Amino acid sequence: MDQRYKTLTLKINMGDSERIARLFSMIADELDADMMLAMPAQAPELAEKFNLDESRVQERLDELFLKGLVFKNKRTNPISYRMVRDFFQFHDATILWPEATQEFFDLWVEYMDEEWPEFAKQVEQVMPKPGMRVIPVNISVPAKQAVLSFEDIKELIDEANVLAVTACTCRLTMKRWDREVYNCIQLNNGALYALERGTGREVTKQEAIDICKQAEEQGLIHSAFNTTKPGHVICNCCPCCCENLDILLKYNTKFVDPSRFKAEIDQDECTACGVCHDACHFGAIGWTGDEGSESVVDPDKCLGCGVCLVQCPTEAISLIEVRPKDFIPGAA
């Protein structure tokens, strides 16, 4: 493997991963790699450094931007470029490149299956808090609990200036979920980035709400950045493909925080049909005795997503607040 790609791998803190280096090499030639390693930089600087016509350099930069390998800083004149910052940007941006090949996707799947779990464990040790958090359902079923503005999908969407929908990068590559793929909601700068690259479609606020409602009904889990700030994305995740939920289930590696809520079952309304048992991705609902006895929620396994609530035919489930407001970083 060319040293350039090993160095790119090191720059996004992925150590000596041969698979990550191969991923870089599949969509960046040697000149592309050299330009990325010279960043941050502007087109004239790169043209001078590599003794190239500036128009050719700009053409290369435009291609790298579309591939998801570089990002623009429009606050400078001329525009400055920097390479992807970390694993998550590299994963999410490059996978959505419209010309990405199946071979590229397959190598991502190989990496996620073979290397990601162990690397994620190492990262977890130095993270003060998980980067993502679950947001409770509140579209398909009227909320019975008082959620804060940054816990409310409808509020997050309503406050956004621009919205776009993109494919879920996890489901696009893993292909372990046979339902909707295009339901990742990008907000504000995230939406503008997707629209400029052509990797997303602009949607209205009502369209975004409808997409999230459909996700709730399909059993997908809302998640967003683990902060009170709006962030750039609302993910609708399936645990079989999601890079965060999959390792939580298999290895208890915490890259996503639960919501501040926990499911609670009203035994007077519950008919012991077992629908919620099947709906819960985390095995948090069980029987007190034999099958058909009372259903009970294990608080240590419940992430407070509310998927069980949406699926319950008798509305016997509600979400109750079990964690304080300041559980979410930035909350007062």
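Rules behind the numbers
Residues numbered from 1 in each chain as written. Predicted model: local features only at pLDDT ≥ 70, side-chain atom pairs only at ≥ 80, totals over all residues. Heavy atoms only, no water. Helix = DSSP H or I, 4+ residues; strand = E, 2+ residues; numbered from the N terminus. Buried < 20%, exposed > 50% of the residue type's maximum accessible area, 1.4 Å probe, protein only. Polar contact = N/O pair within 3.5 Å; in protein donor to acceptor, adjacent residues only side chain to side chain. Contact = heavy atoms within 4.5 Å. Pairing = 2+ DSSP bridges. Phe/Tyr/Trp six-rings, centres within 6.5 Å; stacked < 30°, edge-to-face > 60°. Lys NZ or Arg CZ within 6 Å of the ring centre and 35° of its normal. Salt bridge = Lys/Arg side-chain N within 4 Å of Asp/Glu carboxyl O. Core = buried A, V, L, I, M, F, W, Y, C linked by side-chain atoms within 4.5 Å.

Peer 1: Can you tell me about the side chain of serine 80, naming the residues and giving the values?
Peer 2: Here serine 80 shows up in strand 3 (residues 80-83). We classify serine 80 as buried; its relative accessible area is 13%. Here the side chain of serine 80 touches threonine 76 through a polar contact of 2.8 Å, side chain to side chain. Dropping the residues within four chain positions of it, serine 80 is found in contact with Ala41, Gln42, Phe71, Lys72 and Asn73.

Peer 1: Any details on the sheet that holds strand 2 (residues 70-73)? Residues and values, ideally.
Peer 2: Taking strand neighbours across the sheet as the criterion, the three strands line up as 1-3-2 in an open arrangement whose pairing is antiparallel. A strand with exactly one partner marks an edge of an open sheet, and here the two such strands are strand 1 (41-42) and strand 2. When strand 2 meets strand 3, the two strands line up antiparallel, connected through four bridges. Note that in strand 3 the partner of phenylalanine 71 across the bridge is arginine 82.

Peer 1: So what's going on with the packing of aromatic side chains? Which residues, and what values?
Peer 2: By the definition in use, this model includes 13 aromatic pairs. Seen in terms of ring centroids, phenylalanine 71 and tyrosine 193 are 5.1 Å apart; in terms of plane orientation they differ by 20°. Their pairing is stacked. Here tyrosine 193 lies in helix 11 (residues 189-197) and phenylalanine 71 lies in strand 2, a separation of 122 residues in the sequence. For tyrosine 193, a relative accessible area of 19% translates into the label buried. Ring geometry for phenylalanine 88 against phenylalanine 255: centres 6.0 Å apart, planes inclined by 45°, an arrangement best described as tilted. Here the residue phenylalanine 88 occupies a position in helix 6 (residues 87-95), and phenylalanine 255 occupies one in the loop between helix 13 (245-251) and strand 10 (256-257), the gap between them amounting to 167 residues. Members of the aromatic cluster, each reached through a chain of ring pairs, are Phe24, Phe87, Phe88, Phe90, Trp108, Tyr111, Trp116, Phe119 and Phe255. Note that lysine 49 overlies the ring of phenylalanine 50, its terminal NZ or CZ placed 5.8 Å from the centroid. A cation over an aromatic ring shows up here: lysine 129 above the ring of phenylalanine 327, its NZ or CZ 3.9 Å from the ring centre.

Peer 1: Lay out the pattern of salt bridges with the relevant residues and their values.
Peer 2: This model, assessed by the stated rule, comprises 18 salt bridges. The residue aspartate 29 makes a salt bridge to arginine 60 at a minimum N-O spacing of 2.7 Å. With a gap of 31 residues between them, aspartate 29 in the loop between helix 2 (18-27) and helix 3 (30-37) and arginine 60 in helix 5 (residues 54-67) connect regions that are remote in the sequence. Here aspartate 29 falls in the partly exposed class, since its relative accessible area comes to 34%. The partner of arginine 60 in a salt bridge is aspartate 32, and the shortest N-O contact between them spans 2.9 Å. With a gap of 28 residues between them, arginine 60 in helix 5 and aspartate 32 in helix 3 connect regions that are remote in the sequence. A relative accessible area of 3% means that aspartate 32 is categorised as buried. Taken together, the shared-partner salt bridges connect Asp2, Arg4, Glu30 and Asp34 into one network.

Peer 1: Residue-level account of the nonpolar core, with values.
Peer 2: Counting 61 residues, the largest nonpolar core has Ile20, Phe24, Leu69, Phe90, Trp108, Tyr111 and Trp116 as the members making the most contacts within it. Considering every element that reaches this core, the biggest residue donor is helix 7 (residues 102-114), with seven residues. Once residues lying within four places of it in the same chain are set aside, the contact partners of tryptophan 116 are Phe87, Phe88, Tyr111, Glu243, Ile247 and Phe255. Cys242, Cys276, Ala279 and Ile285 belong to the second-largest nonpolar core, a separate cluster that totals 33 residues.

Peer 1: So what's going on with unusual backbone geometry? Which residues, and what values?
Peer 2: With glycine set apart, most residues show a phi of negative sign, and most peptide bonds adopt trans. Cis geometry is found at the peptide bond from methionine 39 to proline 40, where omega equals 10°. Tracing the backbone through its elements, the reader meets proline 40 in the loop between helix 3 and strand 1. Cis rather than trans, the peptide bond between asparagine 77 and proline 78 has omega equal to 0°. By the element assignment, proline 78 lies in the loop between strand 2 and strand 3. The backbone of lysine 175 sits at a positive phi, close to 55°, despite the residue not being glycine. As for its position among the elements, lysine 175 is in the loop between helix 10 (169-174) and strand 6 (184-187). Although it is not a glycine, alanine 272 adopts a positive phi angle of roughly 60°. Inspection of the secondary structure puts alanine 272 in the loop between strand 11 (261-265) and helix 14 (275-279). Overall, the relative accessible area of 24% leaves alanine 272 in the partly exposed class.

Peer 1: Provide a residue-level description of helix 3, including the pertinent values.
Peer 2: Inspection of helix 3 places Leu31, Asp32, Ala33, Met35 and Met36 among the buried residues, and these make up the whole buried set. On its buried face, helix 3 is in contact with helix 1 (3-11), helix 2, helix 4 (43-49), helix 5, strand 2 and strand 3. For helix 3, the N-terminal capping position is held by aspartate 29, with its side-chain oxygen 3.1 Å away from the main-chain nitrogen of leucine 31.

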